[in-house]
Amino acid sequence: MDLDSGDSPWGDEPSQFKPSDDTSKSGTQGGAAAQTPASDSSPAVRVPGRRGPRGTRKISAQATKLESVDNSVDPLGPLGEAPAEATPTPTDEAPAPPQKEPFAGRGARPLSSPSHVPGGMGAADSVNVEDESAVFRGPPPVQPPVQADGPKRQTQPSMSVEQAAKPTFQIYVGDPHKVGDLTSSHIVYQVSTKTTSKAYRQPEFTVSRRYRDFLWLYNSLHGNNPGVVVAPPPEKQAVGRFDTNFVESRRAALERMLNKIAGHPILQHDGDLKIFLESEAFTVDVKNKENREPDIGQSKGMLSSFGISVGGGTKFVEHDDWFHDRKIYLDALENQLKALLKAMDTVVLQRKGLAEAAGDFSSSLHALSAVELSPALSYPLEGLSELQLRIRELYDRQAQQDILTLGITIDEYIRLIGSVKMAFTQRQKAFHTWHAAESDMQKRKNTQDKLLRQGKTQQDRLNQANADVADAERKVHQTRLLFEDMGRLMRSELQRFEKEKVEDFKSGVETFLESAVEAQKELIELWETFLLRLDAGEEGLPYYVPPEASDAPAPAEPTGSGPESGPVAAEDGA
């Protein structure tokens, strides 16, 4: 039957001239298997269809191929525990695109496997192919990218990059003390700073500054940053500048000024702020800086650097409706805040007047209690005198709290409006500089046209005129960009001003109301305590009666008469 089928399992001739892939591959495998020991395979040759011999030959040939795979990198291994050994390798090592190459190389191996399908594969081949495809469906290189993404998700920043790069400042102005003799006496403040900025040598430091140093900082920041709204220091005061309440209110205002400046995204990077907060030899550093930059603190220095005189010859007419409306709004806001501050001063004066009146009342009661011989009356009068003293202290403290809560906020924003108006003035100067540059350019162009009409006789002057026109055009371009940039900057500054104004006034009003409520609660508690002392042993009778009035008739009972009212009152007064 083998000869009639025309397929010889002992020769290689069929595989050499038959183009069919199935027959050629089965013939080559059959020829290779014929050279294996025939004694073991002879019983299997008698199986019909020759599937048995092919199966046994494929097993031996497959074993040879498995040995060649075992000698390689061996990510899959034989059939036993090799897949378990393959999974630690990508876990222990880095995620490996290189390890994908053996899988791609071995992907060419299944070229011999399609010959098994039509011819019928053995049990060993089916198991081997299934194991290999099963390992390939869940390739180990899929796991390392997941592990690589894990730490990245854990290390994501909790805040934005801009917030992380923005330094933080906590500035405290304290310990105001008077130094100097009668002619040069002044108040010195200790300025303590805590910052996360890397521009400073240390994260915490303390320096001593006086009022004129704060004023220098304000002028310098205005000159260095035209168009930026700089928080101003409190105004000077010639009379009462060493008063305790005035020094405390100035200290609080200076502290708010520095914190606003340090919290500004532009001003916090200014070099003059670093000198003010950190320099130990402040006076020497300021002089050295002024020698290097003679125009420091002068906003017109930057504008006049274009070589154009900045004068107020022509009146500025605002052409931008947005800035025009904001200027009208700021004027109205300034008037309203000044009226509110005036009313606030009136309230503070009234509280101080109440405090003085309570003090006078206390003195009168004390004098009366000293004259009164009866303890039943002298003790309550003395207690009422002490109560009025505490009420006077309460009114004084409440008046000072009103100044430090709402009053200082109103005064600060009146000064901030002045700073905004100074930024408007700088913008006007930039506008005049731009138009002055345009007029200068027009003059130079007229000169150039005259020289062009004269011909080649004025060639040298014409070359100079061309250069002058080009320089004038460059100045016009620069001044126009300066004016436009300042306008954009002021828009953002005014929006920042509005936002901070709402927040500061909300905080100031809440603190003002809380202090007023606490003061009223304390006042009520003082009066209730005094009344409880008066009514300690009585049925709500509020008056003390001398002991000799105990035999008074019954109609006098509402005034406190009674057999036991005198002694009880004496005990209560005691």
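Above this text you will find the structure in question.
Remember, it's a predicted structure, so these values are computed and weren't measured experimentally.

So, about the overall build of the chain. Counting its regular elements, the chain contains 21 helices and 3 strands. For the chain, with 574 residues in total, the buried portion stands at 36%. For the chain, long-range pairs separated by at least 24 residues make up 71% of all intrachain contacts whose partners lie at least 6 apart in sequence.

In this section: helix H14 (residues 244-262). Its 19 residues give H14 an end-to-end C-alpha distance of 27 Å, which sits within 8% of 27 Å, the value for a rise of 1.5 Å per residue. One side-chain oxygen at the N-terminal end of H14 lies 3.2 Å from the backbone nitrogen of Asn-245; it belongs to Asp-243.

Packing of helix H13 (residues 211-224) against helix H15 (residues 271-278) brings their axes to within 9 Å, and their N-to-C directions diverge by 165 degrees. When the axis of H13 is compared with that of H15, the two are roughly antiparallel. Crossing of H13 against H15: the hand is left-handed. Contacts between H13 and H15 pair Asp-213, Phe-214, Trp-216, Leu-217, Ser-220 and Asn-224 from the former with Asp-272, Leu-273 and Phe-276 from the latter.

The alternating pattern of strand S3 (residues 204-210) places Phe-205, Val-207 and Arg-209 on a buried face and Glu-204, Thr-206, Ser-208 and Arg-210 on a face that is not buried. In the sheet, strand S2 (residues 186-195) pairs with S3 via 7 bridges, with the strands oriented antiparallel. Counterpart to Gln-190 in the pairing with S3 is Ser-208.

Once that is clear, we can look at the layout of surface pockets. Volume-wise, the largest pocket comes out at about 580 Å³. As for the largest pocket, its lining consists of 21 residues, of which Gln-237, Phe-246, Ser-249, Ile-403 and Asp-411 are closest to the centre. Put simply, the parts of the chain that give the lining of the largest pocket at least two residues each are H14, helix H18 (321-371) and helix H19 (375-454). Looking at the lining of the largest pocket, its residues break down into 7 nonpolar, 6 polar and 8 charged. Mapping the lining of the largest pocket onto the domain boundaries places at least three of its residues in each of domain 1 (165-291) and domain 2 (321-539).

You will see that Asp-175, though not glycine, has its phi angle at about 50 degrees, which is positive. Here Asp-175 shows up in strand S1 (residues 169-179).

This part takes up the packing of aromatic side chains. Evaluated as defined, the whole model comprises 13 aromatic pairs. Consider the rings of Phe-214 and Phe-276, whose centres lie 5.0 Å apart with planes at 65 degrees: the pair is edge-to-face. Note that Phe-214 is positioned in helix H13 and Phe-276 in helix H15, a separation of 62 residues in sequence. Each member of the pair Phe-214 and Phe-276 is classed as buried. Judged by centre distance (5.4 Å) and plane angle (90 degrees), the ring pair of Trp-216 and Phe-282 falls under edge-to-face. In this pair, Trp-216 is assigned in helix H13 and Phe-282 in helix H16 (residues 282-292), connecting sequence segments 66 residues apart. The class for Trp-216 is buried, based on a relative accessible area of 13%. Feature note: the residues Tyr-189, Phe-214, Trp-216, Phe-276 and Phe-282 constitute an aromatic cluster, connected by ring pairs. Lying over the aromatic face of Tyr-211, Arg-250 brings its terminal NZ or CZ to 4.1 Å of the ring centre.

This brings us to empty space enclosed by the protein. By the definition in use, this model includes 4 cavities of 30 Å³ or more. Taken as a whole, the second largest cavity encloses approximately 140 Å³ of empty space. Lining the second largest cavity are Val-229, Val-230, Ala-231, Lys-260, Ile-261, His-264, Leu-267, Leu-416, Glu-493, Arg-496, Phe-497 and Glu-500. Counting only elements with at least two residues in the lining of the second largest cavity, the list comes to H14 and helix H20 (459-534). Here the lining of the second largest cavity is composed, by residue class, of 7 nonpolar, 1 polar and 4 charged.

Another aspect to go through is the pairing of S1. Sheet topology note: the S1/S2 ladder contains 9 bridges and is antiparallel. Bridged to Val-173 within S2 is Val-191. What sits between the antiparallel neighbours S1 and S2 is a turn of 6 residues, in which Gly-180 has the positive phi angle 95 degrees.

Tracing the backbone through its elements, the reader meets Asn-225 in the loop between H13 and H14. The exposure class of Asn-225 is buried, given its relative accessible area of 12%. Ignoring any residue separated from it by four or fewer positions in sequence, one finds Asn-225 in contact with Ile-266, Leu-267, Asp-270 and Gln-426.

A word on the sheet that holds S2. Pairing is antiparallel across the open sheet formed by 3 strands, whose spatial order is S1-S2-S3. Of all strands in the sheet, those bounded by a partner on one side alone are S1 and S3. The mean angle between the axes of side-by-side strands here comes to 20 degrees, regardless of whether they run parallel or antiparallel. Docked against the sheet, H13 engages S2 and S3, running at close to 105 degrees with respect to S3. Against the sheet, H15 engages S1, S2 and S3, with an angle of about 90 degrees to S3.

The next thing to look at is the nonpolar core. Counting 62 residues, the largest nonpolar core has Leu-217, Ile-261 and Leu-277 as the members making the most contacts within it. At 14 residues, the largest contribution of residues to this core is made by H19. Counting residues domain by domain, this core receives three or more from each of domain 1 (165-291) and domain 2 (321-539). Contact partners of Leu-217, with chain neighbours within four places excluded, come to Met-257, Leu-258, Ile-261, Asp-272, Leu-273 and Phe-276. By size, the runner-up hydrophobic cluster in this structure holds 14 residues, among which are Ala-358, Leu-387, Ile-391 and Leu-394.

Here the focus is the packing of H13 against H14. With their axes 12 Å apart at the nearest point, H13 and H14 run at an angle of 30 degrees to one another. Of the possible angle classes, the one that applies to H13 and H14 is roughly parallel. Every pair of crossing elements has a handedness; the one defined by H13 and H14 is left-handed. Of the residues in H14, those in contact with Tyr-211, Phe-214, Leu-217, Tyr-218 and Leu-221 of H13 are Arg-250, Leu-254, Met-257, Leu-258 and Ile-261. Residues belonging to the contact of H13 with H14 are distributed by class as follows: 9 nonpolar, no polar and 1 charged.

Reading the values: the criteria
Residues numbered from 1 in each chain as written. Predicted model: local features only at pLDDT ≥ 70, side-chain atom pairs only at ≥ 80, totals over all residues. Heavy atoms only, no water. Helix = DSSP H or I, 4+ residues; strand = E, 2+ residues; numbered from the N terminus. Buried < 20%, exposed > 50% of the residue type's maximum accessible area, 1.4 Å probe, protein only. Contact = heavy atoms within 4.5 Å. Expected span 1.5 Å × (residues − 1). Polar contact = N/O pair within 3.5 Å; in protein donor to acceptor, adjacent residues only side chain to side chain. Axes fitted to C-alpha atoms, helices over the stretch in contact; angles between N-to-C directions. Parallel < 35°, antiparallel > 145°, perpendicular 65-115°, else oblique. Left-handed = near helix turned anticlockwise from the far one by under 90°. Pairing = 2+ DSSP bridges. 1 Å grid on protein atoms, 1.4 Å probe; cavity = no way out; pocket = protein on both sides within 12 Å on 5 of 7 lines; lining within 4 Å. Points joined across faces, edges and corners; volume = space filled by probe spheres on them. Nonpolar A, V, L, I, M, F, W, Y, C, P; charged D, E, K, R; others polar. Domains from an automatic or database assignment. Phe/Tyr/Trp six-rings, centres within 6.5 Å; stacked < 30°, edge-to-face > 60°. Lys NZ or Arg CZ within 6 Å of the ring centre and 35° of its normal. Core = buried A, V, L, I, M, F, W, Y, C linked by side-chain atoms within 4.5 Å.

Without other data, these values stay purely geometric and don't point to any function.
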